[in-house]
Each structure stands twice: as structure tokens, then as C-alpha cells.
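Descriptive analysis of the structure
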Amino acid sequence: MTELAACQYGVFALFGTIWFTWFALMLWKSMCLLRSRGLDNGVSDVAVAGAAKGKVHHGPLELSLASVSTFVTECAQFCMILFFAWMCENYPPFTPGERVWDRDVFYCLIVVFFIGCLATIREGKQTEILNRDQSEEWKGWMQYIFLMYHYYAASETYNAI
């Protein structure tokens, strides 16, 4: 396991604080809801969670419980997404595989791709050379070829691409 840098500790502290604040606000909001309805009226946790999930988009941030709670909830969701991306980047769930160059498979997939391209030809609305539709189509073809080149480590086809 690698040692974390000081900036990573700072990011963890910031995101951890935001997530903890969100959790505390949701807990406090649930407790207020339970107190307002009474503890013995049969309010289930599912009903409290359903009330907390109702998204209301507000205008500018106000100093009300609903506005701050919505803001902190959105920040907590963003923090969890960033944490998930960081975990996948630094601790991948699967070990990276070795790239194997197989010329036959590479060219077979390229031919299948071009046959698919030829089968879906349609007439464009614009008639000038290299119009927007045509350039977007070529861009897609080049992206596919470039991805295949990197996936198969096809270094001998570099000049052709």
C-alpha cells in the first residue's frame, strides 16, 4: 500500500467533514420529523427516508434548514462520487491484464466495423465537402480505430492510423 500525500489527507478531511455534516443533518432532520409526529404514532424508517429523498430545487442558498440540507446533501453525493472514482483509480478491483497483440483479431474487428459503417450509410442534408455530418462521422471512425489500437497494443499499425 502506498503512502498518502499531505494533499490527499487534506482532501479526505474536507470530504469527510462534508459527509459527516450531511449525515448529522439527515439524522437531525429525521429526529425532528419523529418528534413532530410523535414517537409512538407508527412512523417507520422507510417513511422518514422517503421524506428525506424528496428533492426540491431551491433558488439561491438561504439560511433555512431545507436549503442548507439540500446543499449539503448534494455536496455529500459529489464527495461520494469523487471518493469512488479515487478508489477505482488507486485501488482497482481487478488486476490489469497484459495486452496481447493479435493481428488477425485486430484486422477482423476493423473489417467488421467498416462493414457496419457501410451498411448504415445515409444521405446527408448538406452537400458541401467535409460538412459537419461528415466530419462528425469521420471523428467517430477515428476514435474507434484509436481505441482498438490502444486496446490491442497494435504498435505496428501506428503509421496507418
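See the structure printed just above.
Residues numbered from 1 in each chain as written. Predicted model: local features only at pLDDT ≥ 70, side-chain atom pairs only at ≥ 80, totals over all residues. Heavy atoms only, no water.

This part covers the overall build of the protein. Within the protein, the secondary structure is distributed over five helices and zero strands. Along the protein, from the amino end to the carboxyl end, the secondary structure elements read α-α-α-α-α. Taking all 161 residues of the protein together, 14% fall into the buried category. A fraction of 66% describes how many contacts in the protein between residues 6 or more apart in sequence connect residues 24 or more apart. Carbon together with sulfur atoms contributes 66% to the accessible area of the protein, which is approximately 13,100 Å² in total. (Helix = DSSP H or I, 4+ residues; strand = E, 2+ residues; numbered from the N terminus. Buried < 20%, exposed > 50% of the residue type's maximum accessible area, 1.4 Å probe, protein only. Contact = heavy atoms within 4.5 Å. Areas by Shrake-Rupley, 256 points an atom, 1.4 Å probe, with all protein chains shown as cover.)

Taken together, Trp 19, Phe 20, Phe 23, Leu 27, Met 31, Met 80 and Phe 83 make up a surface patch of nonpolar side chains, about 690 Å² in accessible area. Those elements giving two or more residues to the nonpolar patch turn out to be helix H1 (6-37) and helix H3 (65-90). If one sorts the elements of the nonpolar patch by residue count, H1 sits on top with five residues. Inspection of the secondary structure puts Phe 83 in helix H3. (Patch = residues over 30% accessible without salt bridge, like charges linked within 9 Å, V, L, I, M, F, W, Y side chains within 5 Å. Salt bridge = Lys/Arg side-chain N within 4 Å of Asp/Glu carboxyl O.)

Remark: helix H4 (residues 103-119) packs on helix H5 (residues 132-151), axes separated minimally by 11 Å, with the N-to-C direction vectors making an angle of 165°. Taken as axis vectors, H4 and H5 run roughly antiparallel relative to one another. Crossing of H4 against H5: the hand is right-handed. Together, Phe 106, Leu 109, Ile 110, Phe 113, Phe 114 and Cys 117 of H4 and Trp 141, Tyr 144, Ile 145, Met 148 and Tyr 149 of H5 make up the contact between the two elements. For the contact of H4 with H5, the class distribution of residues is eleven nonpolar, no polar and no charged. (Axes fitted to C-alpha atoms, helices over the stretch in contact; angles between N-to-C directions. Parallel < 35°, antiparallel > 145°, perpendicular 65-115°, else oblique. Left-handed = near helix turned anticlockwise from the far one by under 90°. Nonpolar A, V, L, I, M, F, W, Y, C, P; charged D, E, K, R; others polar.)

Bringing H4 into the picture now. Taking 1.5 Å per residue, 17 residues should reach 24 Å; H4 reaches 24 Å between its end C-alpha atoms and fits that length. Contact partners of the buried residues in H4: H5. (Expected span 1.5 Å × (residues − 1).)

Turning our eyes to something else, we now look at the pattern of salt bridges. Inspection of every chain in the model, using the stated rule, returns three salt bridges. With its nearest N and O atoms 3.6 Å apart, the salt bridge here joins Arg 132 to Glu 136. Separated by four residues within a single helix, Arg 132 and Glu 136 lie in helix H5, roughly one turn from each other. Using a relative accessible area of 60% as the deciding quantity, one classes Arg 132 as exposed. Each of the salt bridges in this network shares a partner with another, and the network as a whole consists of Arg 132, Glu 136 and Lys 139.

To continue, consider the side chain of Asn 131. Its place among the elements puts Asn 131 in the loop between H4 and H5. Exposure remark for Asn 131: the relative accessible area of 9% places this residue in the buried category. A distance of 3.1 Å separates a polar side-chain atom of Asn 131 from the backbone oxygen of Gln 126. (Polar contact = N/O pair within 3.5 Å; in protein donor to acceptor, adjacent residues only side chain to side chain.)

Turning our eyes to something else, we now look at the packing of aromatic side chains. Within the structure shown, the criterion is met by eleven aromatic pairs. Ring centres of Phe 106 and Tyr 107 lie 5.3 Å apart, and the angle between their planes is 70°; this geometry places the pair in the edge-to-face category. For Phe 106, a relative accessible area of 3% puts it in the buried group. Three or more aromatic residues link up through ring pairs in this structure, and these residues are Trp 101, Phe 106, Tyr 107, Tyr 151 and Tyr 152. (Phe/Tyr/Trp six-rings, centres within 6.5 Å; stacked < 30°, edge-to-face > 60°.)

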